[in-house]
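# Notes for the structure review
Read off the chains here:
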Amino acid sequence: MNVYDQLSNPGLIERITRRFYHLVTADADLAPHYEGVNLEDLVFRRTTFMRAALGGPVHGAAHLSTAEQAEQSLDPALGDLRRSLVLQPLHDSGAPEVLRKAWLKNEDQQRPR
């Protein structure tokens, strides 16, 4: 069984994504990298991408947007900061351990080195 099928509430993926981008755009160091970005589109695309990455259905574009690809080119220190910000919504949402592990694995695979 994939991670998506183990979730009792698939809407959790969007809630985590939305909270994450709220934190990112409120951060003084990361916010400038998101100026001019349509956050609703970014939330939709990242949610769709994460659903697919976790084994769920693909609705719409499951590829990374230009803004998301730019995230991958952040310098390593900002990548570390970005990763630390994803921990809070994962924790606050009460995400099950299987989702936290899979999400962080995906995050680590996309981090700048």
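For the structure, see preceding data.
What comes next concerns the included structure. (Residues numbered from 1 in each chain as written. Predicted model: local features only at pLDDT ≥ 70, side-chain atom pairs only at ≥ 80, totals over all residues. Heavy atoms only, no water.)

Our next topic: the side chain of Arg51. Inspection of the secondary structure assignment puts Arg51 in helix α3 (residues 39–53). Summary of buried charges: Arg51 has no salt-bridge partner, and the nearest side chain of opposite charge, Glu14, is 4.5 Å away. With near-sequence residues (within four places) excluded, Arg51 lies in contact with Tyr4, Ile13, Glu14, Gly56 and Pro57. (Helix = DSSP H or I, 4+ residues; strand = E, 2+ residues; numbered from the N terminus. Buried < 20%, exposed > 50% of the residue type's maximum accessible area, 1.4 Å probe, protein only. Lys, Arg positive; Asp, Glu negative; His and termini not counted. Salt bridge = Lys/Arg side-chain N within 4 Å of Asp/Glu carboxyl O. Contact = heavy atoms within 4.5 Å.)

The next subject is the nonpolar core. Counting 27 residues, the largest nonpolar core has Leu54, Leu99 and Trp103 as the members making the most contacts within it. Where this core is concerned, the elements lending two or more residues are α1 (3–6), α2 (12–26), α3, α5 (76–92) and α6 (97–110). Among the elements that make up this core, the one with the highest residue count is α2 (7 residues). In contact with Leu54, other than residues within four places in its own chain, are Asn2, Val3, Tyr4, Ile13, Leu99 and Ala102. (Core = buried A, V, L, I, M, F, W, Y, C linked by side-chain atoms within 4.5 Å.)

The next thing to look at is α5. Compared with an ideal rise of 1.5 Å per residue, which puts 17 residues at 24 Å, α5 spans 25 Å between its outermost C-alpha atoms and is within 8% of the ideal. Regarding α5, the residues found buried are Leu78, Gly79, Arg82, Arg83, Leu85, Val86, Pro89 and Leu90. The buried residues of α5 occupy one face: seen down the axis, they fall within an arc of 160 degrees. Seen from the buried face of α5, the exposed residues on the opposite side, beyond 90 degrees, are Ala77, His91 and Asp92. Trailing α5 by a residue or two, Gly94 shows a phi angle of about 75 degrees, which is positive. (Expected span 1.5 Å × (residues − 1). Arc of directions from axis to C-beta.)

Turning next to the side chain of Thr17. Tracing the chain through its elements places Thr17 in helix α2. For Thr17, a relative accessible area of 0% puts it in the buried group. Not counting residues up to four positions away in its chain, the partners in contact with Thr17 are Val43, Arg46, Thr47 and Trp103.

Bringing empty space enclosed by the protein into the picture now. According to the stated counting rule, one finds 2 cavities of 30 Å³ or more in the structure shown. Approximately 40 Å³ is the volume attributed to the second largest cavity. Around the second largest cavity sit Phe20, Tyr21, Arg46, Arg82, Val86, Trp103 and Glu107, which together line it. Secondary-structure elements contributing two or more residues to the lining of the second largest cavity are α2, α5 and α6. (1 Å grid on protein atoms, 1.4 Å probe; cavity = no way out; pocket = protein on both sides within 12 Å on 5 of 7 lines; lining within 4 Å. Points joined across faces, edges and corners; volume = space filled by probe spheres on them.)

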